[in-house]
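For reference, the chains in residue letters:
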Amino acid sequence: MSLLNMAMLGCSATTGTVVARSRTAQRAVVQDVYSFGFEIRNRKDDEGFTIGYRHSVYIYPASSSKVDAWSFGFVRIDDQALVKRLFQHSGLDVQVGKTSGFSLGYGEQAYSAYDLTKSQVTSVKYKASDPLATEVDLQSD
């Protein structure tokens, strides 16, 4: 698959190892992505690259379809409305786009996604040891 195709799909590509698991939780969809080696991310709200280890957690509002799937090698990152993004890494991590910056060594970060054109209250309950208990509540005016 060419880099152009990956850019259009919104994915995580690597020359190392990428493993992902997408699951439907109680009131959310949780996607864990693990990479080791060189990873390129081009999702519009998580652009950048990592050299080393990275574990990313993408949390989305609940969907009507049930998901419980593993992906290996090439990982398609959902391009739906992200509510929360958490990640930890060891090595060099470079973020570009809205959240530009870099980190060398070990780091953990969490980002909340929001739409500035909407009045909305968002509640996210996530516990790393029990991702299936994740809950997302969205309340709009």
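Everything numeric in this text was worked out from a predicted model, so none of it was measured.

1. Examining the layout of surface pockets
- In this structure, the second largest pocket encloses a volume near 180 Å³.
- Taken together, 13 residues form the lining of the second largest pocket, with H55, V57, L86, Y126 and A128 sitting closest to its centre.
- Every element with two or more residues in the lining of the second largest pocket is listed here: β3 (28–43), β4 (46–61), β7 (84–96) and β8 (101–112).
- Of the residues contributing to the lining of the second largest pocket, the split by class is eight nonpolar, three polar and two charged.

2. Concerning the nonpolar core
- Within the largest apolar cluster, eight residues are counted, these being A25, A28, V30, V57, I59, V83, L86 and V136.
- Those elements that provide at least two residues to this core are β3 and β4.
- Among all residues touching V83, those that are not within four sequence positions of it are I59, Y60, P61, Y111, S112, A113, T122, V124, V136 and L138.
- With seven residues, the next largest nonpolar core counts A20, Y58, Y60 and L82 among its residues.

3. A short note on the environment of Q139
- Take Q139: it is sitting in strand β10 (residues 135–140).
- Through-space distance from the C-alpha of Q139 to that of Q120 is 5.6 Å; in sequence the pair is 19 residues apart.
- Setting aside anything within four residues of it in sequence, one finds Q139 in contact with S119, Q120 and V121.

4. A word on the packing of aromatic side chains
- A complete count under the given rule lists two aromatic pairs for this structure.
- Geometrically, the ring pair formed by F38 and F49 is tilted, given 5.8 Å between the ring centres and 45° between the ring planes. In this pair, F38 is assigned in strand β3 and F49 in strand β4, connecting sequence segments eleven residues apart.
- Classification of F38 by relative accessible area gives partly exposed; the value is 29%.
- Here F49 falls in the partly exposed class, since its relative accessible area comes to 28%.

5. Here's the deal with the side chain of S56
- Take S56: it is sitting in strand β4.
- The class of S56 is buried, set by a relative accessible area of 1%.
- Side-chain polar atoms of S56 contact the side chain of R54, separated by 2.8 Å.
- Leaving out residues up to four positions away in the same chain, S56 has contacts with Q31, D32, V33, L86 and F87.

6. Observations regarding the pattern of salt bridges
- With the rule as written, the count across this model stands at eleven salt bridges.
- With a closest N to O distance of 3.3 Å, R41 and E39 form a salt bridge.
- Given the relative accessible area of 4%, R41 is considered buried.
- Its relative accessible area of 2% is what places E39 among the buried residues.
- With a closest N to O distance of 4.0 Å, E39 and R54 form a salt bridge. Of this pair, E39 sits in strand β3 while R54 sits in strand β4, placing them 15 residues apart in sequence.
- Judged by relative accessible area, which is 0%, R54 ranks as buried.
- Here the salt bridges do not stand alone but share partners, grouping E39, R41, D46, R54, R85 and D93 into one network.

Cut-offs and rules
Residues numbered from 1 in each chain as written. Predicted model: local features only at pLDDT ≥ 70, side-chain atom pairs only at ≥ 80, totals over all residues. Heavy atoms only, no water. 1 Å grid on protein atoms, 1.4 Å probe; cavity = no way out; pocket = protein on both sides within 12 Å on 5 of 7 lines; lining within 4 Å. Points joined across faces, edges and corners; volume = space filled by probe spheres on them. Helix = DSSP H or I, 4+ residues; strand = E, 2+ residues; numbered from the N terminus. Nonpolar A, V, L, I, M, F, W, Y, C, P; charged D, E, K, R; others polar. Core = buried A, V, L, I, M, F, W, Y, C linked by side-chain atoms within 4.5 Å. Buried < 20%, exposed > 50% of the residue type's maximum accessible area, 1.4 Å probe, protein only. Contact = heavy atoms within 4.5 Å. Phe/Tyr/Trp six-rings, centres within 6.5 Å; stacked < 30°, edge-to-face > 60°. Polar contact = N/O pair within 3.5 Å; in protein donor to acceptor, adjacent residues only side chain to side chain. Salt bridge = Lys/Arg side-chain N within 4 Å of Asp/Glu carboxyl O.

Geometric values such as these leave the question of function open.
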